[in-house]
Amino acid sequence: MDDCKKRREFLKSTLWEMRSDMPTDQKKGLPRPPFEKPFDKNRRIIPLIPVGDIQVGDMPLKEVISKRRSRRKFTDDPITLEELSFMLWSTQGIREVYRDMVTFRTVPSAGSRHPFETYLAVHNVEGLEPALYRYLPLEHSLLFIKKIENMKDKIVEAALNQHFVGYCAVTFIWTAIPYRTEWRYSLTSHKVIAIDIGHVCQNLYLASEALGAGTCAIAAYSQKKMDEFLGVDGEEEFTIYVAPVGKIAE
């Protein structure tokens, strides 16, 4: 229990009173980190359904909240590109870029830093070949990353053999790029990064329920194997949360 008590310190706001004295890269005048991870614009980019044209997800909020569950059993039915577009917009969609300084999105984030990237292991989405993709929130598009041989089995292994993580329509995998928050908040960043990803995943729960689909948040995975699955370095960018999505098997 002594080790557990030491770990509890991470949950406390003991550093905030010292924040004004902390040196930060923002105070030093260093450039603001980009809103999204840079990418090769010559790579394959798949436009998503424009937000104004999305015609799904109209279930009343009260009903959505009452139905919300962690879902681990999914049918073999695909989800549509429109449904995926709605889920991506709901979790990281950009409403406004303000003075090229911050992005206002569909979820809250400390200082509007939004330190996450959304990767998708697409298994069964209409119009998309099974492969690994990344969401581009500024463009509201998907960036094709790569095809992965035996992708379902590899992601299940990375998720400590939780079968449903790979046997679904699409697996959301969020990475954190801590420097986006550290640039402004220094040592106080890491608690709020953990809080912020909870906001993101809860919106996925609500969006998927509104579509007759479901998800289950996964924090138990092999850090090394999941980072290798995505091809991220595990230091400046690393997996922070995982959520399989599929149509609900009653």
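The structure displayed is predicted, hence computed values, not measured ones. (Residues numbered from 1 in each chain as written. Predicted model: local features only at pLDDT ≥ 70, side-chain atom pairs only at ≥ 80, totals over all residues. Heavy atoms only, no water.)

## Quick word on the packing of helix α4 (residues 151-158) against helix α7 (residues 223-230)
Helix packing for two helices is described by the angle between their axes and how far apart those axes are. Look at α4 against α7: their axes get within 8 Å of each other, and the N-to-C directions meet at 150°. Looking at the two axes, α4 sits roughly antiparallel to α7. Across the interface between the two elements, Met151, Lys154, Ile155, Glu157 and Ala158 of α4 pack against Lys225, Met226 and Phe229 of α7. Classifying every residue of the contact of α4 with α7 gives five nonpolar, no polar and three charged. (Axes fitted to C-alpha atoms, helices over the stretch in contact; angles between N-to-C directions. Helix = DSSP H or I, 4+ residues; strand = E, 2+ residues; numbered from the N terminus. Parallel < 35°, antiparallel > 145°, perpendicular 65-115°, else oblique. Contact = heavy atoms within 4.5 Å. Nonpolar A, V, L, I, M, F, W, Y, C, P; charged D, E, K, R; others polar.)

## Here's the deal with the nonpolar core
Within the largest apolar cluster, 37 residues are counted, with the highest numbers of intra-cluster contacts made by Leu84, Leu142 and Phe172. Elements supplying a minimum of two residues to this core: α3 (81-92), β4 (116-122), β5 (131-136), β6 (141-146), β7 (170-176), α6 (189-209) and β9 (238-247). Looking at which element gives the most residues to this core, the answer is α6, with seven residues. Of all hydrophobic cores here, the second largest spans 21 residues; its members include Val165, Met226, Phe229 and Val242. (Core = buried A, V, L, I, M, F, W, Y, C linked by side-chain atoms within 4.5 Å. Buried < 20%, exposed > 50% of the residue type's maximum accessible area, 1.4 Å probe, protein only.)

## Considering the pairing of β5
Of all six residues in β5, six are buried, a share of seventy percent or more. Going residue by residue along β5, you find Ala131, Tyr133 and Tyr135 tucked away on one face and Leu132, Arg134 and Leu136 tucked away on the opposite face as well. Looking at chain direction, β4 and β5 are connected through four bridges and run antiparallel. When the sheet's bridge partners are listed, Val122 is paired in β5 with Ala131. (Pairing = 2+ DSSP bridges.)

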